[in-house]
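# Results of the structural survey
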Amino acid sequence: MKKPILVIILVVAWMLIGIKIFSGGIGWLKAHDVSQVIINFFEESKTDDDIPKQFSNVVGIVGIFYKYHTLMGIIRVVMGLFILVSAFYLLRLRSWARMALEIIAWFNLVLATAGVVLFIFIWKTWFFTMSPILEEMAISPTEIFEGMPELSYMYNQLIYSSVFSVVYLSAVILMIILLRGKTVRNAVKLSPDSVNAGPV
């Protein structure tokens with residue numbers, strides 16, 4: 001059976017996503033030294049009287065990701081491999097692969113939305129809670145972490161991150177729409193390999 005061009009495009013897109021997530025997981029697994037430095041900073045912030053409790057709570061939330069960086073890495077590696085396998089079998093027009101990728105897309109949509117909310121909360125807390133305190137202490141934000149960018153660059157990063165988030169969320173929503181669309185559904189439904197077929 002000839003595969004629709006839309007299915008091939010989706011397969012390529014999901015393959016790229018799978019590779020990106022897998023490589024990101026490998027990065028998390030190798031991030032022990034960096035994670036330890038960040039965890040130490042977060043721990044110190046809890047006992048520093050000059051740092052507002054609100055900010056300490058925020059960095060504590062972020063610190064969880066670094067504290068369990070190995071688990072985060074394993075989850076991303078497994079998810080990346082699962083996406084690659086599902087994308088391969090979507091190319092073979094297996095119905096379970098389409099459903100699996102749709103579930104992953106919904107999961108990513110929820111996760112990305114939560115990530116955007118968390119990022120905005122952290123950014124707001126940093127600049128509206130910490131900046132005045134750092135100014136009073138005559139401390140530049142660049143002194144908190146070596147190599148931390150200047151405030152003007154951070155504002156640019158906020159704009160870039162916002163645009164990227166909108167584009168990413170739009171792409172995920174488009175993925176869901178296309179996976180649920182008639183073209184993909186009919187291709188999978190009409191495929192002789194999709195009926196009661198497993199990953200063989």
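Thresholds, definitions, all that
Residues numbered from 1 in each chain as written. Predicted model: local features only at pLDDT ≥ 70, side-chain atom pairs only at ≥ 80, totals over all residues. Heavy atoms only, no water. Helix = DSSP H or I, 4+ residues; strand = E, 2+ residues; numbered from the N terminus. Buried < 20%, exposed > 50% of the residue type's maximum accessible area, 1.4 Å probe, protein only. Contact = heavy atoms within 4.5 Å. Areas by Shrake-Rupley, 256 points an atom, 1.4 Å probe, with all protein chains shown as cover. Salt bridge = Lys/Arg side-chain N within 4 Å of Asp/Glu carboxyl O.

## Things to note about the overall build of the protein
Along its length, the protein carries seven helices and zero strands. Secondary structure elements of the protein occur, N-terminal to C-terminal, as α-α-α-α-α-α-α. For the protein, buried positions account for 33% of its 200 residues. The contacts in the protein between residues at least 6 apart in sequence include a share of 80% that link residues at least 24 apart. Accessible surface, the protein: about 12,400 Å² in total, of which carbon and sulfur atoms supply 69%.

## Focus on the pattern of salt bridges
All told, the structure shown has two salt bridges when counted by the stated rule. Here glutamate 102 makes a salt bridge to arginine 98, at a shortest N to O gap of 2.9 Å. Placement of the pair is glutamate 102 and arginine 98 together in helix H5 (residues 95-136), with a separation of four residues, close to one helical turn. Here glutamate 102 matches arginine 98 in class, with each residue buried. Arginine 180 is the partner of glutamate 102 in a salt bridge, and the nearest nitrogen-oxygen pair spans 2.7 Å. Remark: arginine 180 occurs in helix H6 (residues 151-180) and glutamate 102 occurs in helix H5; sequence separation between them is 78 residues. Judged by its relative accessible area of 9%, glutamate 102 falls in the buried class. The exposure class of arginine 180 is partly exposed, given its relative accessible area of 44%. Residues participating in the shared-partner salt-bridge network are Arg98, Glu102 and Arg180.

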